[in-house]
Amino acid sequence: MSRSTIQRLRLLALIVATSAAAGSFYAVVQRPPGFSWASALANGATIGGVIAVCIIGFELFGEDWLFERGGRRMPLLAAILLRTIMYGGIIAGALIIVPWAYSGADFSLFRPGILGDAVFSIAATLVFVSLTSIVQLIGPNVLGSLLTGRYYRPREEQRIVLFLDLMNSTGIAEDIGNVRFHALLSEIFTRLSQVVTDFGGEVHRYVGDAMIATWPVGTPQETARPIRCLFACRDSLDAARSDLLHRHGHCPGFRASLHAGALVAGEIGGFKREIALVGDAMNTAARLEQACRTTGHALLASKPLLDRTELPPGIVATGIGSHLLRGKAERLELFALERGAQDSGDPRRDTGAFVEGDSKTGRCRLDAASSVLEGEKLTSDTA
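Each chain carries its own residue numbering, running from 1 in the direction its sequence is written. The predicted nature of this model means local features are confined to residues of pLDDT at least 70 and side-chain atom pairs, given and counted, to a pLDDT of 80 or more, with totals for whole chains, interfaces and linings taken over all residues. As a convention, hydrogens and water are excluded, and side-chain values are obtained from all of the structure's heavy atoms.

J.: So what exactly am I meant to see when it comes to the side chain of Ser145 here?
T.: Starting at the N terminus, helices and strands are each numbered in turn, a helix being any DSSP run of H or I of at least four residues and a strand any DSSP run of E of at least two. Here Ser145 shows up in helix H6 (residues 140-148). A simple rule labels every residue: compare its accessible area, found with a 1.4 Å probe on the protein chains alone, to the largest value its type can have, and call it buried under 20%, exposed over 50%, or partly exposed in between. By relative accessible area, Ser145 is classed as buried at 9%. Contacts are residue-level and defined by heavy atoms, with any inter-residue pair within 4.5 Å sufficient. When near neighbours in sequence (up to four residues on either side) are disregarded, Ser145 contacts Arg150, Tyr151, Glu267 and Ile275.

What follows is the structure, given as structure tokens:
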């Protein structure tokens, strides 16, 4: 079972438990004379749990399948109407069937007290559906951090930062139009964000046609997850290629960079607050993604990241020398990531494009002609 599915199941379990508790409290407070509190407790908990399982379960696992089939969203009024019918039927069914099964209450929509029960159930449903939407909008970890005040005061953390940028976005947007391009971005980032979650990461932000994600720095094996994630993202787009071409006419590739270092995380903003990540690691990762364009390599990782990482099997890191990134004062050693058979020794290796080097320091420079050819190839592929 994937991490994203487990995350949704945990959220569902939490909301179901909360809904059952709210239903129990309401049923005990509103129980009629002569009705035992134990029966009221069981009755309310069952009604709350059944409603939450059905409605929140649909929101988490069935909404995309029903409302966004074929990569296109159902019209808003149709979606509201369909939701109203579905949720109303679920609430009415729970309010009729559960009391009838527990205590032999009238099997009718017009039994005494059902109106108040319906009002409470609808109000609770609106609250929990809204909470679910908020969690999906900003992420469960961000919401938890805001509610607990984890980043009320800025704190420094060691993080791995991924910058992923889609290729040829401007040309695609001009070809299919901005609205269709947004639909393409939505479908692609829905897929890629799920891959990030499955590999233990957290999407920090979408910026136009780019996605920023982070991971905590852990053991060498845990620190390898972002590298595995990159190739899983590529596999995910390859698997969806025919569908994307059929629906949108395009299936863009991406450039991506990985870097590890210190970040400062903290709440920022006034009326609209969010958790901002600032620091050299974020800036360096962004510059690394830009270096993908100039070096001709689609996937780049920095030496500080690889020094903490045990490379996954089948992944090779090819050294491309030390580069002075834009806006940086010191040079940074970069590695191109690719799939391939590993050598018997260190999977980090020097590339044949190096023609000059210092055997003592291992610092080399790229052959200029090779760089130009690789840059021209990348331009022709992505322009």
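Still to come is the rest of the account.
J.: I keep staring at the pattern of salt bridges and nothing clicks. Help me out?
T.: Side-chain pairs of opposite charge can arise where the charged atoms are in close proximity. Take a side-chain nitrogen of Lys or Arg and a carboxyl oxygen of Asp or Glu: if they are within 4 Å of each other, that pair is a salt bridge. Tallied over the full model, the rule gives 13 salt bridges. Of the charged contacts in the structure, one is a salt bridge between Glu157 and Arg150, with a shortest N-O distance of 3.2 Å. On the basis of relative accessible area, Glu157 is assigned to the buried category, the value being 14%. The salt bridge partner of Glu274 is Arg205, with a shortest N-O separation of 2.0 Å. Within this pair, whereas Glu274 is found in strand E5 (residues 274-278), its partner Arg205 is found in strand E2 (residues 202-207), the two being separated by 69 residues in sequence. Classification of Glu274 as partly exposed rests on a relative accessible area of 25%. Members of the salt-bridge network, linked through shared partners, are Arg150, Arg155, Glu157 and Arg159.

J.: Where do I start with the layout of surface pockets in this structure?
T.: One way to see where empty space is left: roll a probe the size of a water molecule over the atoms. One number sums up the size of the second largest pocket: a volume of about 640 Å³. Here the term cavity refers to a set of points on a 1 Å grid, laid over the protein atoms alone, in which a 1.4 Å probe fits but cannot get out; the term pocket refers to an open set having protein on both sides within 12 Å along at least five of seven lines, with lining residues being those that place an atom within 4 Å of a point. Along the walls of the second largest pocket sit 34 residues, with Tyr26, Asn43, Ile47, Arg111 and Asp117 positioned nearest its centre. Among the secondary structure elements, those contributing two or more residues to the lining of the second largest pocket are helix H1 (3-29), helix H2 (37-61), helix H4 (76-103) and helix H5 (114-138). The element contributing the most residues to the lining of the second largest pocket is H2, with nine residues. Grid points are joined across faces, edges and corners, and a volume is the space filled by probe spheres set on the points.

J.: Hey, could you run me through unusual backbone geometry in this one?
T.: Trans peptide bonds make up the majority, and among non-glycine residues the majority have a negative phi. Even without a glycine there, the phi angle at Asn168 is positive, about 55°. As for its placement among the helices and strands, Asn168 is situated in the loop between strand E1 (155-166) and helix H7 (169-176).

J.: Help me out: how do you make sense of the pairing of strand E8 (residues 332-339) in this one?
T.: Successive residues of a regular strand alternate their side chains across the two faces of the sheet. Two strands pair under a simple rule: DSSP has to find at least two bridges between them. In the sheet, strand E6 (residues 299-302) pairs with E8 via three bridges, with the strands oriented antiparallel. If you follow Ser302 over to E8, its bridge partner there is Leu334. Note that strand E7 (residues 315-323) and E8 share seven bridges and pair antiparallel. Opposite Ser322, over in E8, you have Glu333 as the bridge partner.

J.: Could you clarify how one ought to interpret a nonpolar patch on the surface in this entry?
T.: What goes into a patch is any residue over 30% in relative accessible area without a salt bridge, connected to like charges within 9 Å or, for nonpolar side chains (Val, Leu, Ile, Met, Phe, Trp, Tyr), within 5 Å. Computed with the Shrake-Rupley method and a 1.4 Å probe, the accessible areas treat only the protein chains shown as cover for residues. Side chains of Met1, Ile6, Leu9 and Phe61 sit close together on the surface and give an oily, nonpolar patch of about 390 Å² of accessible area. Classification of Phe61 as partly exposed rests on a relative accessible area of 39%.

J.: Would you take a moment to explain the environment of Ala265 for this structure?
T.: If you trace the backbone, Ala265 turns up in strand E4 (residues 254-268). Ala265 sits in the buried class, given a relative accessible area of 1%. Remark: the alpha-carbon pair of Ala265 and Pro154, spanning 111 residues in sequence, is separated by 5.5 Å. Beyond its immediate sequence surroundings of up to four residues, Ala265 is in contact with Tyr151, Arg153, Pro154, Arg155, Ile275, Ala276 and Leu277.

Just geometry here; none of it tells us what the structure is for.
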